[in-house]
Amino acid sequence: MHDENQVFPVFIYKTKLHHRKEDRKGPTAMSLAYTLLDLMSEFLMTNLTKNFPFDLYSKCYRVIHRVLCYQKKCRVRLNYPWSSLWNSIIVAVRWSNSLGTDDPEMISNYIQVGRIFNMFVMYGDTFLPNPGSYDQLYYELLRQHSVFDSLNETALRFSNKGSAHKDCSKELLSNLHNIRAIVNHFSPKIEAWSTANRISTPAPEEVMDIVRSNYDTLTLKLQDGLDHFERYSEVPKEQQFYTNLVRRICKEKQESTTVQIDAKSYHKFTTSTPLSQE
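Residues numbered from 1 in each chain as written. Predicted model: local features only at pLDDT ≥ 70, side-chain atom pairs only at ≥ 80, totals over all residues. Heavy atoms only, no water.

(A) Quick peek at the pattern of salt bridges. Counting across every chain of the model gives seven salt bridges. Of the charged contacts, one joins D209 and R212 as a salt bridge, the two residues approaching to 2.4 Å between their closest N and O atoms. Taken together, the residues span about one helical turn, with D209 and R212 both in helix α8 (residues 204-212) at a distance of three residues. One connected set of salt bridges, linked through shared partners, spans D135, D209 and R212. (Salt bridge = Lys/Arg side-chain N within 4 Å of Asp/Glu carboxyl O. Helix = DSSP H or I, 4+ residues; strand = E, 2+ residues; numbered from the N terminus.)

Put into structure tokens, the structure is as follows:
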């Protein structure tokens, strides 16, 4: 999937959005890993409904996490616009968290999101295409820090609901530790720089310059098991779905084959040489 010598143009339907221009050029030939991440990013951005599909988003996060685990293990540097994926994840989290639901799947989703961003923070130097991508990651975390602050509040809220949610909330708080450490470390330095230079809002490049000059004083917590993923199993939740799907495919294939055979027989009969009349 990551072999850049094997590229394929794969069309992905993209919903029309106000901020996005319509692409009339058609799909560009890319590696399958690139296309898969594009598909995940598009799904995250365009399925933000009030009846939020936490289960489908969980599968999406697992796919992204598994791709990152492979890249970290094999040190594959995929030349992908990672900022678009980060933005899609953050937008999805902001929307789902704004719904105020108590769905148990919600905390599970946020734990997966924490793992994904911790993979980038802790191991990004092994698979991000260049150091600039790492700087851009920190910029996005700082720019969107309010989303992670709200996640922290959600985790604290669930931890007070009883022992059933306590372990999940504790894991989520642990996953958010490094992100909050980054925000708490760099925010005062950005504010001090803005005050010294009499600028209310620094430009992205100026923020990344501040980040680059203060990496050495940042302390992060090592997270265990980030590069381990949960293998997918259709049993028992999706077993019936796949059983019905395979049966339907087999039935449609059988019917189409019968129609083709009948069509060939009819063509052979109508074009055969007529019998000679005595």
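More follows now that the structure is in view.
(B) Representation of the side chain of T126. On the secondary structure map, T126 appears in helix α4 (residues 104-127). Take T126: its relative accessible area is 8%, and that puts it in the buried class. A distance of 2.6 Å separates a polar atom in the side chain of T126 from the backbone oxygen of Y123. In contact with T126, other than residues within four places in its own chain, are K72, R75, V76 and R77. (Buried < 20%, exposed > 50% of the residue type's maximum accessible area, 1.4 Å probe, protein only. Polar contact = N/O pair within 3.5 Å; in protein donor to acceptor, adjacent residues only side chain to side chain. Contact = heavy atoms within 4.5 Å.)

(C) Geometry of the nonpolar core. Counting residues in hydrophobic clusters, the biggest one holds 60 residues, and the most contacted among them are Y61, I64, W82, I89, F117, F120 and Y138. Elements supplying a minimum of two residues to this core: α1 (32-46), α2 (54-74), α3 (82-98), α4, α5 (131-143), α6 (145-159), α7 (163-197) and α8. Looking at this core, the element that brings in the most residues is α4, giving twelve residues. In this structure, F120 is in contact with L68, W82, W86, F127, L128, Y134 and L137, ignoring residues within four places of it in sequence. (Core = buried A, V, L, I, M, F, W, Y, C linked by side-chain atoms within 4.5 Å.)

(D) Focus on the packing of α3 against α5. Put simply, α3 and α5 touch, their axes get as near as 10 Å, and they point 20° apart. By the angle between their directions, the pair α3 and α5 is classed as roughly parallel. Regarding α3 and α5, the two cross each other, and that crossing is right-handed. Facing S83, W86 and N87 of α3, the residues of α5 in contact are S133, Q136, L137, E140 and R143. (Axes fitted to C-alpha atoms, helices over the stretch in contact; angles between N-to-C directions. Parallel < 35°, antiparallel > 145°, perpendicular 65-115°, else oblique. Left-handed = near helix turned anticlockwise from the far one by under 90°.)

(E) Geometry of the packing of α2 against α4. The interhelical angle for the contact between α2 and α4, taken along N-to-C directions, is 20°, at an axis separation of 10 Å. The orientation of α2 with respect to α4, classified from their angle, is roughly parallel. For the pair α2 and α4, the sense of crossing is left-handed. Contact residues: α2 offers F54, Y57, S58, Y61, R62, I64, H65, L68, C69, Q71 and K72, while α4 offers E105, M106, N109, Q112, V113, R115, I116, M119, F120, Y123, T126 and F127. A class-by-class count of the residues in the contact of α2 with α4 yields 13 nonpolar, six polar and four charged. (Nonpolar A, V, L, I, M, F, W, Y, C, P; charged D, E, K, R; others polar.)

(F) Fine view of the environment of V113. Take V113: it is sitting in helix α4. Residue contacts for V113: discarding those within four places in its chain leaves Y61, I89 and V93.

(G) Expanded view of a nonpolar patch on the surface. Side chains of M1, F8, V10 and L32 sit close together on the surface and give an oily, nonpolar patch of about 350 Å² of accessible area. Topologically, F8 is positioned in strand β1 (residues 8-9). (Patch = residues over 30% accessible without salt bridge, like charges linked within 9 Å, V, L, I, M, F, W, Y side chains within 5 Å. Areas by Shrake-Rupley, 256 points an atom, 1.4 Å probe, with all protein chains shown as cover.)

(H) Molecular detail of the packing of aromatic side chains. Under the definition given, this model contains 17 aromatic pairs. Between Y80 and W82, the ring centres sit 5.2 Å apart and the planes meet at 65°, which makes this aromatic pair edge-to-face. We classify Y80 as buried; its relative accessible area is 4%. Given a relative accessible area of 2%, W82 falls into the buried group. Residues F117 and F148 carry aromatic rings whose centres are separated by 5.5 Å and whose planes lie at 90° to one another, so their mutual orientation is edge-to-face. Residue F117 is located in helix α4, and its partner F148 is located in helix α6; the two are separated by 31 residues in the primary sequence. With respect to class, F117 is no different from F148; both count as buried. Feature note: the residues Y34, Y80, W82, W86, F120 and F127 constitute an aromatic cluster, connected by ring pairs. Over the face of the ring belonging to Y123 we find K72, whose NZ or CZ atom lies 4.6 Å from the ring centre. (Phe/Tyr/Trp six-rings, centres within 6.5 Å; stacked < 30°, edge-to-face > 60°. Lys NZ or Arg CZ within 6 Å of the ring centre and 35° of its normal.)

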